[in-house]
Amino acid sequence: MIDNKYLEVLPFSFPTGVQLVNDPFLNKGTAFTKEERIALGLRGLLPPRINTMEEQVERVMGNYYSKTSDLEKYIFLIALLDRNQTLFYRVLADNLEEMLPIIYTPTVGEACREYVHIFRRPRGIFVSANNKGHFSEILRNWPNRNVKVIVITDGERILGLGDLGVAGMGIPVGKLSLYIACAGIHPSLCLPVTIDVGTNNCELQTDPLYFGMQHQRIRGDEYDSLIEEFIMAVRDNFPSALIQFEDFGNVNAFRLLQKYKDRICMFNDDIQGTASVALAGLYAVMRMNSTELTDQKILFLGAGEAGTGIGDLIVSAMQAEGLSQEDARRKCWFYDSKGLVVKDREHLAEHKLPYAHEHKYICDFEEAVKELRPTAIIGVSGTAGGFTRSIISEMAKINEKPIIFALSNPTSNAECTAKEAYLWSEGRAVFASGSPFEPVHLFGKTFYPGQGNNAYIFPGVGLGVVTTKSRHVTEEMFLEAARTLASQVSEDDFSCGNIYPPLRNIRDVSARIALRVAEIAYDQGLAEVLRPDDLDDFIRSRMYEPVYKNYV
Ligand SMILES: NC(=O)C1=CN([C@@H]2O[C@H](COP(=O)(O)OP(=O)(O)OC[C@H]3O[C@@H](n4cnc5c(N)ncnc54)[C@H](OP(=O)(O)O)[C@@H]3O)[C@@H](O)[C@H]2O)C=CC1
Ligand SMILES: CC(=O)C(=O)O
Ligand SMILES: [Mg+2]
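Just so it is clear, the structure is predicted and the values come from calculations on it, not from any experiment.

Covered by surrounding structure in strand 6 (residues 298-301) are Ile 298 and Phe 300 together with Leu 299 and Leu 301, the residues of both alternating faces. Bridging between strand 6 and strand 7 (residues 332-336) involves four bridges; their strand directions are parallel. Bridge pairing in strand 7 places Phe 300 opposite Phe 334. Relative to strand 9 (residues 376-379), strand 6 runs parallel, the two being bridged by four bridges. Looking across to strand 9, one finds that Phe 300 is bridged to Ile 378.

So this is what it looks like as structure tokens:
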């Protein structure tokens, strides 16, 4: 009957008839075979002619191109996901470069902003402070009992868009679709979660269509006990699941990472995944320019989760190259909403303290660039326009190849555009951005800017962790993920300005990252799966392919 490998992740009782057609995990739509239609009670419920998957893809693409806005394309693709997951992932895997900006940043940001207005059908699990004491029961309502990857948000810092409350659910949904498309994690192993603790967004508090709790965010012990209850509920229901914390406000993100990283299998993507992709970008530049990481001086615009997360991993990478922690930290400088982070400043948040160097206070970013003469500026401020013409020109005066990363999302929040970076540096900038930019034609050359986004990292890390059942996710895994990603950048990528491998290679890149992560899990004694003879083959053979299975 049903393929054994598939059965492992299917619900026990196999539906028939309308129930089967309405089950997005199993539905094949017009591609159900003649035998399946007879055996599974589908005759008459579908148009008579049987389509191949290729024909279905053609129909989907026709519909997709008929949509006149990116948001409509997003709505269309999510509706397909609601009807037929296999077809959705087929289309996504085959058109990843084109569709990533729709199901992920920047369009997912717009979808979150409009979430309560474009809402069709719930996806994932909503846990709410109102249901305190019942989180475990709530997780029992999820139909798949073999969950291995959970992405959770509390909606406080959605991309660079701020507090969107439960409307942030688009982010866990989008991130998990990348686990599936980019690293072949089976869809039924994935669970998106949003925890509703209120919202401080005044518009949402007064929007009659908003469907989260319309009061100020819960803070302090009450908040912590909700998160703790959720963690316990996951342990009871899905004991070996990896939990990815996503888009939490930084008042909670750093604390929760410290609290849970050695207790459960978790990581914070904005702190650690971002760090790894940014470090990979720097490693790739080092290869391109034959320079050393330890020769770099980096000035960050933004000193939050992404910024100090990147700083911390760079420091570890420099230490691995022989620098002392103190010397490595002095290579990283931070500029936040109040100016340069220096020793004399009062009330600095804990995550900034390692970078509060002895230096005069500066409250103009351009002046900080002139004074510190960095080799790289990294934008993680969540605010647009921070890298002005004069700042980029100054970087180009100081450096032959200035490194300019504008990592804030979505596109509207990027510190500068790709065109600005190339134009204002006379085509010498090494540029990457968090959200994609189109190729830029300037100075008789075409530049293909790379996307410095944690999407290059978390799917592969997750695959390595899940396949080995690693008990924790460690810093070494993110360091090694960065090295592996950088090693996949070819001379061709370099020559047209891209410091990341093309997205069309992402499944292979993720498998390579997963292999290194798995090796570390074994080396560090964290893996709970017996080490197979051929680890690479073991990982790749477990990657989900969106093709229809035969049910009869
Ligand atoms: N490309 C990628 O893969 C990723 C990109 N990001 C993006 O990075 C951005 C920041 O995220 P995250 O670090 O988590 O957010 P946080 O809220 O943790 O940090 C934001 C930081 O930016 C600073 N800041 C805000 N406004 C300004 C300003 N005008 N000038 C200088 N600094 C400013 C804040 O200062 P203060 O501390 O004083 O408040 C804070 O230090 C977001 O846009 C997010 O989308 C995040 C993760 C991954
Ligand atoms: C990419 C990402 O995780 C962010 O912008 O928050
Ligand atoms: Mg994020």
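With that out of the way, let us pick up the sheet that holds strand 1 (residues 125-128). Spatially, 1-3-2-4-5 is the arrangement adopted by the five strands of the open sheet, whose pairing is parallel. Unpaired on one side and paired on the other, strand 1 and strand 5 (266-268) mark the two borders of the sheet. Pairs of neighbouring strands in the sheet enclose a mean axial angle of 20°, with direction left out of account. With four bridges joining them, strand 1 and strand 3 (residues 190-196) adopt parallel strand pairing. The partner of Ser 128 across the bridge, within strand 3, is Asp 196. In this fold helix 13 (residues 220-237) packs onto strand 1, strand 2 (149-153), strand 3 and strand 4 (242-245), with an angle of close to 150° to the strand it touches most, strand 4. Along the sheet, helix 15 (residues 269-289) contacts strand 4 and strand 5; its crossing angle with strand 5, the most-contacted strand, is approximately 75°.

The next thing to look at is the domain arrangement of the protein chain. When its domains are assigned, the protein chain resolves into domain 1 (4-101) and domain 2 (121-264). Averaged C-alpha coordinates put domain 1 and domain 2 at centres separated by 27 Å. With 14 residues of domain 1 in contact, the opposing surface of domain 2 contributes 14 residues. Across the contact surface, domain 1 and domain 2 share one salt bridge. A salt bridge links Asp 82 to Arg 123, with the nearest nitrogen and oxygen atoms 2.3 Å apart. One can count one residue pair in polar contact (both at pLDDT 80 or more) joining domain 1 with domain 2. Put simply, the parts of the chain that give the side of domain 1 that touches domain 2 at least two residues each are helix 5 (70-83), helix 6 (85-94) and helix 7 (96-103). Taken together, the residues that form the side of domain 1 that touches domain 2 break down as eleven nonpolar, one polar and two charged.

Moving on to helix 18 (residues 365-372). Phe 365, Ala 368, Val 369 and Leu 372 are the residues of helix 18 that are buried. Viewed along the axis of helix 18, the buried residues span an arc of 100°, placing them on a single side of the element. Contacts made by the buried residues of helix 18 are with strand 6, strand 7, strand 8 (339-340), strand 9 and helix 19 (389-398). Immediately downstream of helix 18, the backbone of Arg 373 shows phi near 50°, a positive value.

Bringing the environment of Asn 95 into the picture now. Among the structural elements, Asn 95 can be located in the loop between helix 6 and helix 7. Only 2.8 Å separates the side chain of Asn 95 from the backbone oxygen of Val 91, close enough to count as a polar contact.

Surveying the vicinity of ligand 1 reveals 27 residues, the closest of which are Arg 157, Asn 250, Ala 303, Ser 337 and Lys 352. Coverage of ligand 1 by the protein chains reaches 82% of its 920 Å² of free accessible surface. Among the secondary structure elements, those contributing two or more residues to the shell around ligand 1 are helix 15, helix 16 (305-320) and strand 7. When its residues are assigned to classes, the shell around ligand 1 shows seven nonpolar, 15 polar and five charged.

What follows deals with helix 11 (residues 170-183). Every α-helical turn comprises 3.6 residues, leaving residues that sit three or four positions apart pointing alike. For helix 11, with 14 residues, the first-to-last C-alpha span of 19 Å sits near the 20 Å given by 1.5 Å per residue. Counting buried positions over the 14 residues of helix 11 gives 14, a clear majority of the element. Directly after helix 11, the chain includes Gly 184, whose backbone phi takes a positive value near 65°.

This part is about the packing of aromatic side chains. A complete count under the given rule lists 19 aromatic pairs for this structure. By the ring-pair criterion, three or more aromatic residues cluster together here, those being Tyr 422, Phe 431, Phe 437 and Phe 447. Sitting over the face of the ring of Tyr 551, Lys 28 holds its NZ or CZ atom 4.7 Å from the ring centroid. When the ring centre of Tyr 64 is taken as origin, the NZ or CZ atom of Lys 73, which lies over that ring, is 5.2 Å away.

About the thresholds
Residues numbered from 1 in each chain as written. Chains lettered and ligands numbered in written order. Predicted model: local features only at pLDDT ≥ 70, side-chain atom pairs only at ≥ 80, totals over all residues. Heavy atoms only, no water. Buried < 20%, exposed > 50% of the residue type's maximum accessible area, 1.4 Å probe, protein only. Helix = DSSP H or I, 4+ residues; strand = E, 2+ residues; numbered from the N terminus. Pairing = 2+ DSSP bridges. Axes fitted to C-alpha atoms, helices over the stretch in contact; angles between N-to-C directions. Contact = heavy atoms within 4.5 Å. Domains from an automatic or database assignment. Salt bridge = Lys/Arg side-chain N within 4 Å of Asp/Glu carboxyl O. Polar contact = N/O pair within 3.5 Å; in protein donor to acceptor, adjacent residues only side chain to side chain. Nonpolar A, V, L, I, M, F, W, Y, C, P; charged D, E, K, R; others polar. Arc of directions from axis to C-beta. Near = heavy atom within 4 Å. Areas by Shrake-Rupley, 256 points an atom, 1.4 Å probe, with all protein chains shown as cover. Expected span 1.5 Å × (residues − 1). Phe/Tyr/Trp six-rings, centres within 6.5 Å; stacked < 30°, edge-to-face > 60°. Lys NZ or Arg CZ within 6 Å of the ring centre and 35° of its normal.

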